[in-house]
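# Summary of the model geometry
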Amino acid sequence: MSKKILIVDDEEAIRKFLKIHLVKLGYEVKEAADGEQALEQLGKDNFDLLICDIMMPKKDGWEVIKQCKSNPKMKNIPVIVLTAKDQDSDMFKGYDLGANYYMTKPFTKDQLLYGLKLMFEENVSPLQ
Amino acid sequence: MEAQDKKRVILTLRWTAIIVTSYLILFGRGRITDLHLSHILIATYLLSNVLLSFLPKKWFSTSKLFYPLVLFDTGIISFGMYLSEKMATDFYLVFFLIIIFASTSRNFKLLMVIGGITALVYGFLLHSWGLLISKEGVSYILRIPFIFIMTAFYGYIVQTLTREKHEELTISEDKYRGLFENANEGIIILRNPQGQIADVNREVERASGYTKRELLQKQFLDLLAPPEIEKTRDYFEEVAEKGEARADYLSLKKKDGTFMEVDLSMKRIDLGDEHFYQAIIRDLTKQRKLEKNIRESKRNLEAIFDGIRDRLSIQAPDYQILRVNRAVAENHKTSFQELIGRKCYEAYFQRTLPCEKCPVSLTIETKHPGSSIMKLVEDNTTLQVFSYPILDEKGGLSSVIEYIKDITEEQQLQEQLIQSEKLAGIGILASGVAHEINNPLTGIIGMAEISLEEEDSSKNKEYLNDILNCAQRIGEIVKGLKSYSRVAKKEDLNSVDLNEVLEESLKMVRLAVKTASVEVVKEFQPVQKIEANTGEIQQVFTNLITNAYQAMGGRGGKLILSTRSLKNSVEVKVTDKGMGIPQKYLCQIFDPFFTTKNPGEGTGLGLNIVYRIVTKYEGTIDVESKEQIGTTFTIKFPTRRAEA
C-alpha cells in the first residue's frame, strides 16, 4: 500500500506541482489550502507525511504542527515545513515544534526528493 | 524764670521807676507851669502799672508785651523829664546812653556796674558844676538814683527778652538734635571739609562701625578709602569754592577694614563768623546690592535674548520694532539701529502692509499668543512665527514679542525622515512581500521543472499558463511597492479613485500581516475621484490598515473599510475592533515620533505621515477610540479640487 501524504499550502500552483511529483513517485496525495482544512484532513485520515506551509489564512502552519504534535494519534507523522520564512529563528521554531525537515521557498525538485528520502528511508531528522 | 516771678519783678521795677520819675517831676519845679499835666502824667503811669498787674501771667512770658512796654515807659519818662525843670541836654544824653547800654548788653551784672559808674560820673559832673549844692540841689540829686534805676529797669527787660529767645533756641535745637540723630542718612558736622569731625549722628556710627567718641577724634579724610583721597581733591575744592558739592559712589573705610559705597553731599553752613560743613552720607550698600541684582538679571536676560539663535523682536502694537536680538540683525545683515523704529513687515519682508498670516496681527487684535507658518518664495525658506503679548499693569497690550524660527532645514529633515520611514515601512513589508513573491516564484520554478519533464504538449501548455499567472502576480506586487516608496511631485497628481486605492492598500497590508482571523468588511459607495497622488493616498490607507491589524494583534477581529460621498467631500472610514487608544494619547498620536510601541518596533512617524498627506490635500482626519472596543479613523478629502 502506497504511503499517504498531505500537502498544505495556500498557493495553488505549489500544491499542483508537488502533487504531480509525488504522484509520479507513487505516493497517494491529499491537499489542503489553509490550516483549518489541514487539521480537518488530518482528523479524517491517517497520513504518513505532512508537508506544511507556515503563512496561511485562518490557521497558520505553526498552529497546524502544534496541534498535530500534541495529538497522540498524529504525533508520529513526520512533518516537512515548506515556507518562505527563511530566518534561522523560524527554522529553529519549526524544529522545536517537532518538524522533521525544514525547506525554504523557492526550492527545487532535488531538495524535495532529499527530504522524502530522509523521511521515508531513514526516518530520522537530520538534527537527531 | 517762672512767669509769676517775671511779672512780679517787672511790676516792682516799674513801681520803682514810677516813684523815681514822680519825684523827679514833682521836685524839679523848674519850668513847671502846668501842675495838672504833671499830675495826669504821674496818674497815667501809676494806672498803667495797676492795669499791668491785672494782665495774665503768661503774657509776661512773651516778648510781644515788652516792646510796647519799653516804648510806653520810655515815652512817659522822657516826657516826665521834660516836665521837670532844668531840662538839660546832658540829662537826656545820659538817659539815652543808659538805654543803649541796656539794649546792647548781654551781661546784666556788667550792665549794673556800668549803670553805677555812669551814675557816679554824672553825679561827680553835677557836683563839679556846683549844681548839687544850689537851691534846686534836690532835683539834681534825684537824677543819680534815677539813672541807676532806669539802668536796672531797661537792663532787666532786655535781659528777659534775650533769655526768652535763647530758650526758644534751646527748644528748637532739641528738635533738630532729634532729627539729626534719627536721620536715615549719616550726617557728619565738620569744622572744615577734610578736617576734624565735630559731630556725627547715629547712622554714621552704625554704618561706619565706629563709636561717636572714636569718630570725634578722627579727620574726615581718615574715613575715606585710600584710593579715594586723590580722587576727592577736586571735590573738596568745589566745596570750599561754592559752599557745596556732591560726590557719588565714594568708598568709605569702615572700622572692620571693609569698604562701603556712599553718596556724599557736603554743604557749608555759616553761623556768623563761623563756618561748619555738613556732610550727608547715604549708604549705598543695600542699593548697590539691589542694583547689582537688577543689572545682573538684565544682563542675563539680554544674554538669553541675544543668545537665542532664532529671531526675536519686541514690537509696539503698531508693528514698530522696539528691540531685536542678534539673530535678527545677523539675518538681515544689518545693525540693530537700522531695524529699530521701523515697521516689522517693512524691515523684514519689504512690504507696505502687514503679512496676511502674521500672528502679531492676531495678538494685537486679541491679546492672545499666535503662531503661523510662512513660506517665503523669494529665498525658499519656511518660517514658523510665534507671537506673545506683553500686557501692562492694566491688562492693556503694551508690546508684542515676535519669535521667528527658520524651520526650512527642519522641514527638509522631516521630509528625509518621512522618506526613510517609508523605506522602513518597506522593510517591514519586505518579509511579507518576500513570502508573497516567493510563493508564486516557487510555483514558477516547480511548474517549470515539471514542464521540462513533461512530454505531453497539452499538459505543458497548462503548466505554462500557471507559470504566467504566478509571474503576473509577482509583477503586481512589485508595482504596488513602487508606488509606496515614491515621493509625490506636483506633476504626479492624478485622479484617484479612493475605493480602488483602498482595495489595493488592503491587499498590500494583508501580504505583510497575514493574521488568521480578521474579518474584513468593505462598505464602499461610489465616490467622486479626488485630485491627488495615488502613491501618497495608498500610503495613508496602508498605514491606517496596518495600524488596525496591529491593534487587533493576534486576537483577530473585524476591520471595516467604508467610503461615502458627502456634499463637498469624500469620506473614508477605517474602523477596527482592536485594543483602542488610551484617551491620554489621543491628542498626541499624530505628533511625529510619538509611539507607544517598543523601540525598534515603530518609529512613531506613521500617523504623522498620514496627517501630513491628508492635510496636504486640504483634507481632515479625525480619530475616535475606546479602549478594548476599537478605533475609527475618519478622513475627509475635499472634492472641489477635482472639479476645478
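Residues numbered from 1 in each chain as written. Chains lettered and ligands numbered in written order. Predicted model: local features only at pLDDT ≥ 70, side-chain atom pairs only at ≥ 80, totals over all residues. Heavy atoms only, no water.

Our focus in this paragraph is the overall build of chain B. In terms of regular secondary structure, chain B is built from 22 helices and 17 strands. Expressed as a percentage of its 644 residues, the buried residues of chain B come to 43%. About 36,200 Å² of surface is accessible on chain B, with carbon and sulfur atoms providing 57% of the total. (Helix = DSSP H or I, 4+ residues; strand = E, 2+ residues; numbered from the N terminus. Buried < 20%, exposed > 50% of the residue type's maximum accessible area, 1.4 Å probe, protein only. Areas by Shrake-Rupley, 256 points an atom, 1.4 Å probe, with all protein chains shown as cover.)

Moving on, we get to the packing of aromatic side chains. Residues and elements named next belong to chain B. Scanning all chains against the criterion turns up 14 aromatic pairs over all chains. By the ring-pair criterion, three or more aromatic residues cluster together here, those being F95, F96, F146, F153 and Y154. Over the face of the ring belonging to F305 we find R323, whose NZ or CZ atom lies 5.4 Å from the ring centre. (Phe/Tyr/Trp six-rings, centres within 6.5 Å; stacked < 30°, edge-to-face > 60°. Lys NZ or Arg CZ within 6 Å of the ring centre and 35° of its normal.)

It is worth spelling out the sheet that holds strand β5 (residues 274–283) of chain B at this point. All names here are of chain B. A sheet is described by the order of its strands in space; here 5 strands give the open sequence β2-β1-β5-β4-β3, paired in antiparallel fashion. Whereas interior strands pair on both sides, the edge strands pair on one side only; in this sheet they are β2 (197–200) and β3 (244–253). Mean inter-strand twist for the sheet, computed between neighbouring axes without regard to direction, equals 30°. In this structure, strand β1 (residues 186–190) lies alongside β5, joined through 5 bridges in antiparallel fashion. Residue pairing for β5: I189 is matched across the bridge by Q278. On the sheet, helix α11 (residues 233–242) packs against β3, β4 (259–271) and β5 and is oriented at approximately 150° with respect to β3. (Pairing = 2+ DSSP bridges. Axes fitted to C-alpha atoms, helices over the stretch in contact; angles between N-to-C directions. Contact = heavy atoms within 4.5 Å.)

Here the focus is the pattern of salt bridges. Counted according to the given criterion, the structure contains 35 salt bridges over all chains. Residues A:K105 and A:D53 are paired through a salt bridge, measuring 3.3 Å at the closest nitrogen-oxygen approach. Of this pair, A:K105 sits in the loop between β5 (101–104) and α5 (109–122) while A:D53 sits in the loop between β3 (49–52) and α3 (61–70), and the two are 52 residues apart along the sequence. There is no split in this pair, since A:K105 and A:D53 are both buried. Among the ionic pairs, B:R288 bridges to B:E291, the shortest N-O distance being 3.0 Å. Here B:R288 pairs with B:E291, and both are found in helix α12 (residues 285–307), just 3 residues apart, close to one helical turn. The class for B:R288 is buried, based on a relative accessible area of 13%. Residue classification places B:E291 among the partly exposed positions, given a relative accessible area of 24%. What emerges from the salt-bridge pattern is a single network uniting B:R177, B:E181, B:D199 and B:K212. (Salt bridge = Lys/Arg side-chain N within 4 Å of Asp/Glu carboxyl O.)

Attention now moves to the environment of B:D234. Residues and elements named next belong to chain B. Assignment of secondary structure puts D234 in helix α11. When its relative accessible area of 57% is taken as the criterion, D234 is described as exposed. Put simply, D234 and A245 are 11 residues apart on the chain and 10.0 Å apart in space, counted from C-alpha to C-alpha.

A word on the pairing of strand β2 (residues 28–32) of chain A. Residues and elements named next belong to chain A. Where strand β1 (residues 4–8) lies against β2, 5 bridges are found, and the strand directions are parallel. The residue bridging I5 from the neighbouring strand is V29, located in β2. As a crossover connection, the stretch from β1 through helix α1 (residues 12–24) into β2 is right-handed. (Right-handed = clockwise from strand over helix to strand, strands pointing away.)

Counting residues at the interface gives 22 residues for chain A, matched by 21 residues for chain B. For the pairing of chain A and chain B, the buried interface totals around 1,900 Å² over both sides, and the portion due to carbon and sulfur atoms is 59%. Our enumeration of links across chain A and chain B arrives at 4 salt bridges. B:E453 is the partner of A:K109 in a salt bridge, and the nearest nitrogen-oxygen pair spans 2.6 Å. In terms of residue count, the dominant contributor to the side of chain A that touches chain B is α1(A) (7 residues). (Buried area = accessible area lost by both parts, 1.4 Å probe.)

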